[in-house]
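So the chains spell out like this:
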Amino acid sequence: MGITAQAAASHPSMGEDTFTLLVDRYYAALYRFALSLARSQADACDLTQQTFYVWATKGHTLRDTAKAKTWLFTTLYREFLRSRRRDTRVTSLEELPSGESDLADDEIDRVRQLDGALVLEALGAVAEAFRAPLTLFYLEDLSYQEIAETLGVPVGTVMSRLSRGKDQLRAALATRAQGPQIVPFPAVQRRQTP
Amino acid sequence: MNNHEAKFRLKAYRPGGQDAGAAAFCEALAQAERDPALRAWFAREQAFDATVAAKVGAIVPPAGLREAILAGARVTPRRATWAWPAWWWAIAAVIVVAFTFNAVWRSRSDTVPLDSFSRFAIDDLRLGHHGGYGAAEGVLETALTNPATHLAGVLPIDFTKLEATGCRTLHFAGHDVLEVCFHRAGAEFHFYILPRGTLRGADGPHMLELGGVSALAWNDARYVYAVIGQTGADTLRRLL
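Presented here is a report on the structure given in the accompanying data block. (Residues numbered from 1 in each chain as written. Chains lettered and ligands numbered in written order. Predicted model: local features only at pLDDT ≥ 70, side-chain atom pairs only at ≥ 80, totals over all residues.)

Attention now moves to the interface of chain A and chain B. If you look at the interface, chain A gives 41 residues, while chain B gives 36 residues. Of all elements in the fold, only helix H1 (3-9), helix H2 (16-38), helix H3 (41-58), helix H5 (105-113), helix H6 (116-125), helix H7 (128-139) and helix H9 (155-177) of chain A reach the threshold of two or more residues within the side of chain A that touches chain B. Counting residues per element, the side of chain A that touches chain B draws most heavily on H3(A), which supplies eight residues. When grouped by side-chain class, the residues that make up the side of chain A that touches chain B number 24 nonpolar, 10 polar and seven charged. (Contact = placed C-beta atoms within 7 Å. Helix = DSSP H or I, 4+ residues; strand = E, 2+ residues; numbered from the N terminus. Nonpolar A, V, L, I, M, F, W, Y, C, P; charged D, E, K, R; others polar.)

Set out below in structure tokens:
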């Protein structure tokens, strides 16, 4: 039995089976969420492990075990916020434009053809304030209310950020769907010899 | 609810249908049913969201991550910031212990226990077998015997020396107490000396009379004193 599992099993309210069940149920979604936040596979693994480590040592304090899912996502998000060095760049969310343009059918087709890694890359290009709720939304594990609870923001804010985040994601996906731009060489003007 | 508001809400509607029963979406969904344009917009949104969700859901965690979590592969886990409160708890505990110790200490040493010290001296007179020796005691006894000596004045007391050279030593409330017998005008008196230490000063002097024995206690900066005799309280007061 590993350190984390030992720590988990040491709590009377949480046996090793329960811990394993939680890991099996949520570790993949947590990893995806971590990957979208940290944008690095190693950091995402680290965050996921750290989250379960925190659960193993502190999870027993959670009275309502039905909240374990939200608790895990919240913990991962907090660990992420703590681990990263805060970017001094502050974006006023209210200043970001809210897109109102409707989706075109070919836009959806282009996304279908994209590789999953490119979609995740596009997700990573979304401003962090929007990225966290947007990723949780696409993971489909949490309702908008649970996302609000996880991120500690009002429900209305989640809806607003989802809306704006989707606009940013569409822009980022459109850039990737176009592929690399081919810049033609300027025509070389041959010097005429007399 | 207009279409703008409906779109705003429906953008939070998960493509997998998990929110089908959520009350927050009922009105917007009903409106999408009624309005063909909104319905078409919603269908495209759902298709887009389902596509992105499928792509995100297809991301596979690295091999071994699950096992690493379960096995606690990170034997030395990074110190989580939530561990800091343990330090704060430790500091808080030290402070609490210090305050408790201080409170107990202060309660024990709140005031000089003149009354109990007087009772102790009276009991000693009744029960004790007095006697002491040593040069230092001799000097002090001489001074006490001198009618010109005021006991509340400066006396030749070197507690450590007296204790070490044979002056009678007793114990009171965990402290060593010296006792010296002396006579004045044919009457016998007994003089007790208790180092103040951490004891705080008390208003004094304190007179106590029990069974024909009088005790007068007082203190100065260094010691708590008691003198007892069987010739009355006034006699004791004149000694000061």
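The next point concerns the sheet that holds strand S6 (residues 223-229) of chain B. Residue and element names in this part refer to chain B. The strand order across the open sheet built from six strands is S1-S2-S3-S6-S5-S4, with neighbouring strands paired in antiparallel fashion. Each edge of the open sheet carries a strand with a single partner, namely strand S1 (168-172) and strand S4 (206-210). Between one strand and the next, the sheet's axes are offset by a mean angle of 25 degrees, whatever the strand orientation. Relative to S6, strand S3 (residues 187-195) runs antiparallel, the two sharing seven bridges. (Pairing = 2+ DSSP bridges. Axes fitted to C-alpha atoms, helices over the stretch in contact; angles between N-to-C directions.)

Another point: the environment of Gly17(B). All names here are of chain B. Positionally, Gly17 belongs in the loop between helix H1 (3-10) and helix H2 (23-34). With 11 C-beta atoms counted inside 10 Å, the residue Gly17 sits in the exposed group. Residues Gly17 and Gln46, 29 residues apart in the sequence, show an inter-C-alpha distance of 9.7 Å. (Buried ≥ 20, exposed ≤ 12 C-beta atoms within 10 Å, placed from the backbone.)

This part is about H1(B). Residues of H1(B) that are buried: Ala6(B), Arg9(B) and Leu10(B). In an axial view of H1(B), the angular spread of the buried residues amounts to 95 degrees, which keeps them on one side of the axis. Looking at H1(B), the residues exposed on the side facing more than 90 degrees away from the buried face are His4(B) and Glu5(B). Looking at the buried residues of H1(B), the elements they touch are H9 of chain A together with H2 and helix H3 (36-57) of chain B. (Arc of directions from axis to C-beta.)

Treat this as a map of the structure, not an account of what it does.
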